[in-house]
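Now for the letters of each chain:
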Amino acid sequence: MQSTWRRARAVRWAVPVAAFVVVGAAVGAGPVIAAVQGDPALPDRTAAQLLAEVAKTAQHQQPPAMSGTVVETASLGLPSLPLPSGTSSSPLSLLSGSHTLKVWYGGDGRLRLALPGQMSETDVISDGKGSAWLWESATNTVTRFTLPEGVKGDKGKEAEAAHTALPTATTPQDLADRLLKAADESTAVTVENGQHIAGRAAYQLVLTPKDSTSLVDRVTLALDGETYIPLRVQIFAKGAAEPAFEVGFTQVSFSAPAPENFAFTPPAGAKVKEQKPEAAKPGEPWSKDGAAGHAAPGAEAARAGARTHGSGWGTVAEVPFSLADLSKQQNGPRGGGDPAQMIESVLKSAKQVSGTWGSGKVITTKLVSVLLTDDGRLFAGAVTPEALVQAAGRK
Amino acid sequence: MTTITGEGAHEAAPPRVTHTEASPGDCSIVARGLTKRFRGGQVAVDDLHLSVPRGSVFGFLGPNGSGKTTTIRMLLGLISPTSGACEVLGRPMPGGLASALPKVGAVVEGPAFYPYLSGQANLLRYDAADPKADPRTARQRVGAALDRVGLGAAAGKRYRAYSLGMRQRLAIAGALLGPRELLVLDEPTNGLDPQGTREVRSLIKEIASDGTTVFVSSHLLAEVEQMCTDIGVMRTGRLVAQGTIAELRAGHEPRVRVETPHPAQAASVLNRLGLARVRTGEDDVEAELGGHAPEVVCAELVGDGVAVRGFTVVRPSLEELFVGLTGEGFDVDG
Amino acid sequence: MSTVETENSTSSAPTAADTPPEPGTGTATRGAAIGDASVAGGARSGAVARAAGAGHRDRSDASPGAARAVLRLVGSELGLTFRRPRNIAMLILLACVPVVIGVALKAFGSDEETPAIVTQVAGNGLMLTFLSLSMLVQLLLPLAVGVVAGDSIAGEANAGTLRYLLTAPAGRTRLLAVKAVNIGVFGLAACAVVAVSGLITGLVMFPVGPVTLLSGTTVPIMDGVLRVLIVTGYSAVGMAALGLVGLAVSTLTEVPIGAVAATVVTVVFSQVIGAIPQLGPVRPYLLTTWWSSFDGALRDPIATDVMGQGLLVFAAYALVFGAIAWGRFSGRDITS
């Protein structure tokens, strides 16, 4: 009887333990199962072969219609940003934490991006007929962009871009060779096979900087094995196992999304703004560059004084900059918090440095270092603080 | 279980401190080696062997803290024994809980009800918890149970407004919701006035006369003695005596005491009559009365010419017996 | 019970019990009393046979009968929950919140600073429901559910009613399941009260028309009402998941206020964790993170992936904490 009770007790506690294991296994095994269910292994490709395939596809085919969920995760090592509440769908919030972006692409320039927030949503909708809307539910505003004729379709745009960049490249193979050759000086390029992203088999290009001052350990770019659509970008900082920045699909489908996604009628009661074609930069709100996001107001004011030092991964940008200017710029372009306040909180963690050039403050994150000199210059780059100090001394 | 008829069959039997082993079929409750050791090492019940015959009114006696309630909780499946086994209505616990308990009515450690519900609603609530109870007859059964404990008039009153005695009655009514084969009543007269105590006693007898086994725990000897056919005595977690009241009395037979100037002559008369354990004193003689009628003994003495100055029958009370068994006095002022 | 036997016992009782034992008669009387008992014992089988017919179901109809018995206990449990003054007060309080919000909006209007969702209420009464739920789902609704859930077992244990339910016998697993259902229904009721109160207040105080979703799409009013239903249902499932956490806590203690406090503290604690950016990776595993994901129903198309994930998280919590509650409760010593 005694043993029966004991056994009964063991069985009873086995049930919650089993429940916990089942849940844990479901959480842990989900990606594994997805990977196992993914497409069979892809044929091996060298970097050159892969790039040639990508170029060929880009030249001859329109990107396929697709929809999916993109998750962006930034752990740049920034001090926590004092984001005002209610701006969780603001682009600035992308600088820290994890964010989800929904993408619908219907071909022919029809695109919708949605950045969901807490009881809010920011949408960019391009209907493929020359109009694009930016809808921000938090402020109940619609911005309407009229796109210039030339950039109606993505296909034309991309092809055009490729030709502008490398006007002499004639075949995809040629293009790939040239790209690799250009990269070779600063970067080691390898290809990994067997990646599974959002249930798709993918190739992964790994770019490893050769410059020792770079904070970047490697950058990976995963391409869908079938369509060569980029599925994921990861940036690894030196000495970190987890990517400092990652943006990639967690779910992707290559079937045509419903056409309603690309239609937009400003809702009744919303404020509607019109934007001139030249100002139409639909990609801007999703700018992923942390440093640019910070310095934007100041940098715009003094773009003339900007210059760069070094090249490749070790490039250091220099711009005139002063905190006083920034404080005057009260509200950010999207009303997403006070930049001066943000900078101030960031500066709290700054380290004082000095050299022959004077003194200043260095802010180091996992990927980017920023040096603010007391004489009003700002140096920034994906390099070690020492490299910035050197650049400042170079005058 | 042996039934003592009192005709001298067990005249020399010692007090029954044995574990009466009856076949489980004859017993409503059987416990074998039941032990409960609480976390912290305190042994509340220690190797308890218990048999409650079917149809008996079993008094479960013991001072407060002797393990009575813990035993009852184990019998009802509320707590699990550290070791040992028990059967209720022939079904092993805790496996047979679901089939046995619908036939068991219980009052455990005083009444407990929802204060914001009426007495009737409270009983309906407990009735709903019994999967074997028929909802169609629920109201009727609840009404009958309330009437039986004299709460018919207070059925619609909120439990909050009940007096202590009414609460105790409601608890007993809760034990009578269905037809029961076994009633387990833990201190059923707690909080009742003498009138209420009498009513509960006669209610228990009435229920017992229907053939229902009643298992009553109490720390009050008087209560148990007046209504029980069988008794078990607990002392610090152990069962120190168990048997019918007659069995327990058996070792404490009534004795005759004859005051006489001729003790030797009187002793020979008593011996001739067959009285046991004749003890001769200076001017008195004592012997166990056994099955003999005192008046016959007295007549024989006088007939034989013994000068009888006084003739008394000494009957030891159960209380003395229990004090001997438990090593401490009971609260007997109930 | 037989009246004949009652008669019999009352007549013999005083003889056995109330007469003081006298020399020479005591033994005989006791013998008679025991004789009575054994005579009564002979009639026992008859009494039991009658018993089976009168109050207890036959065993043959066990399975439909068992289902009906469970329904009866659920009914009793719900009756208890919704008759309890404390719970009624909480529901009334919840119902008041949308009214207060509506009145405040009507009275004070809104300026440029107020979020669009608030200004939208002024334009469309239907939005009041969503606004109210989004405000209540983080604290007041979990509080109400936490009170009922934390109290569920601990309250019965504290009052001592648990021992009577279990000797009825309610059955431990059965009682726990009924309690879980009860908590779920209360969670749904609480969410529904907010939704209905929000709808009525919105209808009465503000114009009602096609609804503008978060995605900027405008849908017809019936579609909006459908989305109210989805939002209410989703929130109720989230509350039920919390309810099972509360139920598990409730099986650990006999102090209901402790269980309620522990449940509410769990909610607050996980909200604090969710608000710390450095702990971002933990957020998807927190219950509180997913409660507000009901706003997925206000997107176009409905964010089924996010809400589906939320429901999975709720289910995982319910499973784990339900199992803990069962593991604890099925073997616990009931000493209260």
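As the structure is a prediction and not an experimental result, all values here were calculated from the model.

Q: An account of the overall build of chain C is requested, with residue identities and associated values reported.
A: The secondary structure content of chain C amounts to 14 helices and two strands. For chain C, buried positions account for 50% of its 336 residues. The contacts of chain C with a sequence gap of at least 6 include a subset with a gap of at least 24, amounting to 79%.

Q: Please provide a residue-by-residue account of a nonpolar patch on the surface, values included.
A: Residue and element names in this part refer to chain C. Where nonpolar side chains cluster on the molecular surface, the patch consists of V196, I200, L203, V204, V208, I221 and M222 and spans about 650 Å² of accessible area. Those elements that provide at least two residues to the nonpolar patch are α10 (172–205) and α11 (221–250). The element best represented in the nonpolar patch is α10, accounting for four residues. With respect to the helices and strands, the residue V208 is situated in the loop between α10 and β1 (211–212). By relative accessible area, which is 32% here, V208 ends up partly exposed.

Q: Break down the nonpolar core for me, citing the residues and quoting the values.
A: L50, L76, V214, F215, I231 and F322 of chain B together with L141 of chain C are the most contacted members of the largest nonpolar core, which totals 162 residues. If you tally residues by element for this core, the top one is α11 of chain C, at eleven residues. Ignoring anything within four residues of it in the chain, the contact list for L76 of chain B reads L97, L101, V104, A106, V108 and V184 of chain B together with T167 of chain C. Formed by 28 residues, the second largest nonpolar core is a distinct cluster that contains Y105, A222, I229 and A244 of chain A.

Q: If you had to explain unusual backbone geometry to someone new, which residues and values would you point to?
A: Put simply, A168 of chain C and P169 of chain C share a cis peptide bond, and its omega is 0°. The backbone phi angle of R277 of chain B is positive, close to 50°, even though this residue is not glycine. Here R277 of chain B is to be found in strand β12 (residues 276–280). Using a relative accessible area of 51% as the deciding quantity, one classes R277 of chain B as exposed.

Q: I'd like a rundown of the side chain of T161 of chain C, residues and numbers included.
A: Within the secondary structure layout, T161 of chain C lies in helix α9 (residues 161–167). What T161 of chain C contacts, discounting residues up to four positions off in sequence, is A112, F113, Y114 and Y126 of chain B together with E156 of chain C.

Q: Summarise the packing of α10 of chain C against helix α14 (residues 304–329) of chain C; cite the residues concerned and give the values.
A: Residues and elements named next belong to chain C. Look at α10 against α14: their axes get within 10 Å of each other, and the N-to-C directions meet at 145°. Between α10 and α14 lies a crossing whose hand is right-handed. Seen from α10, the contacting residues are R172, T173, L175 and L176; seen from α14, they are A325, W326 and F329. For the contact of α10 with α14, the per-class residue count stands at five nonpolar, one polar and one charged.

Q: Describe the sheet that holds strand β3 (residues 57–61) of chain B, listing the residues and the values that go with them.
A: All names here are of chain B. On the basis of which strands lie adjacent, the open sheet formed by six strands has the order β6-β7-β8-β3-β9-β10 and mixed pairing. Bordering the open sheet on either side are β6 (104–107) and β10 (238–244), each of which pairs with just one other strand. With strand direction ignored, the average angle separating the axes of adjacent strands in the sheet is 10°. Sheet strands touched by helix α1 (residues 68–75): β3, β7 (182–186), β8 (213–218) and β9 (230–235). Its angle to β8, the strand with the most contacts, is close to 145°. Packing of helix α5 (residues 164–175) onto the sheet brings it into contact with β6 and β7, and relative to β6 it is tilted by some 165°.

Q: How would you sum up the pattern of salt bridges? Please name residues and give values.
A: Using the criterion set out here, one finds 40 salt bridges over all chains in the structure. Across the pair R218 of chain A and D217 of chain A runs a salt bridge, and its minimum N-O distance is 3.0 Å. Here R218 of chain A falls in the partly exposed class, since its relative accessible area comes to 27%. Given a relative accessible area of 26%, D217 of chain A falls into the partly exposed group. Residue E187 of chain B is joined to K68 of chain B by a salt bridge in which the shortest nitrogen-to-oxygen separation is 3.8 Å. Taken together, the residues span a long stretch of sequence, with E187 of chain B in the loop between β7 and α6 (194–209) and K68 of chain B in helix α1 at a distance of 119 residues. Summarising the burial analysis for this pair, E187 of chain B and K68 of chain B share the class buried.

Q: Can you lay out the packing of helix α2 (residues 47–60) of chain A against helix α4 (residues 172–184) of chain A for me, pointing to particular residues and giving the numbers?
A: Residues and elements named next belong to chain A. At a closest axis distance of 8 Å, the pairing of α2 and α4 adopts a crossing angle of 130°. Considering the angle they form, α2 stands oblique to α4. Crossing angle aside, the handedness with which α2 passes α4 is right-handed. Of the residues in α4, those touching α2 at A47, A48, L51, A52, A55, K56 and Q59 are P172, Q173, L175, A176, D177 and L180. A breakdown of the residues in the contact of α2 with α4 according to their chemical character gives nine nonpolar, two polar and two charged.

Q: Run through the confidence of the model for chain C, naming residues and quoting values.
A: Looking at chain C, pLDDT values average 81 and 78% of them are 70 or higher. This stretch, residues 1–55 of chain C, has a pLDDT under 50; its non-local contacts, to residues over four places away or in other chains, come to 55 contacts.

Q: Lay out the side chain of S292 of chain C in plain terms, naming residues and giving numbers.
A: For S292 of chain C, the location among the structural elements is in the loop between α13 (287–291) and α14. A residue is classified by how much of its surface remains accessible, and S292 of chain C, at 9% relative accessible area, is buried. Within the structure, the side chain of S292 of chain C is placed 3.1 Å from the side chain of Q118 of chain A, a separation counted as a polar contact. In contact with S292 of chain C, not counting residues within four places along its chain, are Q118 of chain A together with V137 and Q138 of chain C.

Q: Break down the environment of R110 of chain A for me, with residues and values.
A: Its place among the elements puts R110 of chain A in strand β3 (residues 110–117). For the pair R110 of chain A and K129 of chain A, spaced 19 residues apart in sequence, the C-alpha to C-alpha distance is 8.1 Å.

Q: Give me the lowdown on the pairing of strand β13 (residues 284–288) of chain B, citing residues and values where you can.
A: All names here are of chain B. Most of β13 is tucked away, with five of its five residues classed as buried. Residues D284, E286 and E288 point to one face of β13 and V285 and A287 to the other, with burial holding for every one of them. Summarising the sheet, strand β11 (residues 255–259) and β13 pair through five bridges and their orientation is antiparallel. Among the inter-strand pairings, R257 is bridged to a residue of β13, identified as E286. The pairing of β12 with β13 spans three bridges and is antiparallel. Across the sheet, the residue bridging to A276 is E288, located in β13.

Q: Describe the pairing of β9 of chain B, with residues and values.
A: Residues and elements named next belong to chain B. Among the six residues of β9, five are classified as buried, and the element is accordingly described as predominantly covered. Of the strand pairs in this sheet, β3 and β9 are connected by four bridges, and their pairing is parallel. Residue pairing across strands places F60 opposite G232, the latter belonging to β9. Relative to β10, β9 runs antiparallel, the two being bridged by six bridges. In the strand pairing of β10, V233 is matched with A241. Linking β9 to β10, which pair antiparallel, is a turn of two residues; within it T236 sits at a positive phi near 40°.

Q: Describe in detail the confidence of the model for chain B, supporting the description with residues and values.
A: Residues and elements named next belong to chain B. Mean pLDDT over chain B stands at 83; residues scoring 70 or higher make up 88%. The least confident element of chain B is helix α11 (residues 318–326), whose mean pLDDT is 71; the most confident is helix α3 (residues 119–129), at 95. This model gives residues 329–334 a pLDDT under 50, and the stretch forms ten contacts once residues within four places in sequence are excluded.

Conventions adopted
- Position numbers for residues start from 1 in each chain and track the written sequence from start to end.
- Chains carry letters and ligands carry numbers; both start at the beginning, A for chains and 1 for ligands, and go up in the order they are written.
- Local features in a predicted model are, by the rule used here, given only for residues with pLDDT of at least 70; side-chain atom pairs are given and counted only at 80 or more, and totals for whole chains, interfaces and linings are based on all residues.
- Only hydrogens and water are set aside; all other atoms, that is, all heavy atoms of the structure, feed into the side-chain values.
- For the purposes of this entry, the term helix denotes a DSSP run of H or I that reaches at least four residues, the term strand denotes a run of E that reaches at least two, and both are numbered from the N terminus.
- Relative accessibility decides the category of a residue: with a 1.4 Å probe and only protein chains considered, values under 20% of the type maximum give buried, values over 50% give exposed, and everything between is partly exposed.
- Note on contacts: a residue pair qualifies if any of its non-hydrogen atoms lie within 4.5 Å across the two residues.
- The residues that make up patches have over 30% relative accessible area and no salt bridge, and they are joined within 9 Å when like-charged or within 5 Å when they are Val, Leu, Ile, Met, Phe, Trp or Tyr.
- Only the protein chains shown count as cover for residues, and all accessible areas are computed by the Shrake-Rupley method using a 1.4 Å probe.
- Here a salt bridge means any side-chain nitrogen of Lys or Arg lying within 4 Å of a carboxyl oxygen belonging to Asp or Glu.
- What is meant by a nonpolar core is a set of buried Ala, Val, Leu, Ile, Met, Phe, Trp, Tyr and Cys residues, joined one to another through side-chain atoms within 4.5 Å.
- Only the contacting stretch of a helix is used when fitting its axis, a line to C-alpha atoms as for every element, and angles between N-to-C directions run 0 to 180 degrees.
- In this scheme, a crossing is called left-handed if the near helix is turned counterclockwise away from the far one by less than a right angle; it is called right-handed if the turn is clockwise.
- Residues were grouped as follows: Ala, Val, Leu, Ile, Met, Phe, Trp, Tyr, Cys and Pro as nonpolar; Asp, Glu, Lys and Arg as charged; and all remaining residues, including Gly, as polar.
- Strands qualify as paired when DSSP identifies two bridges or more between them.
- Angles below 35 degrees are treated as roughly parallel, those above 145 as roughly antiparallel, those between 65 and 115 as roughly perpendicular, and all remaining angles as oblique.
- Per residue, pLDDT captures the predictor's confidence, and it can take any value from 0 to 100.
- Identification of polar contacts relies on pairs of N or O atoms within 3.5 Å, with a donor-acceptor requirement for protein atoms, meaning one able to donate a hydrogen and the other able to accept it, and with residues adjacent in sequence counted only if both atoms are side-chain atoms.

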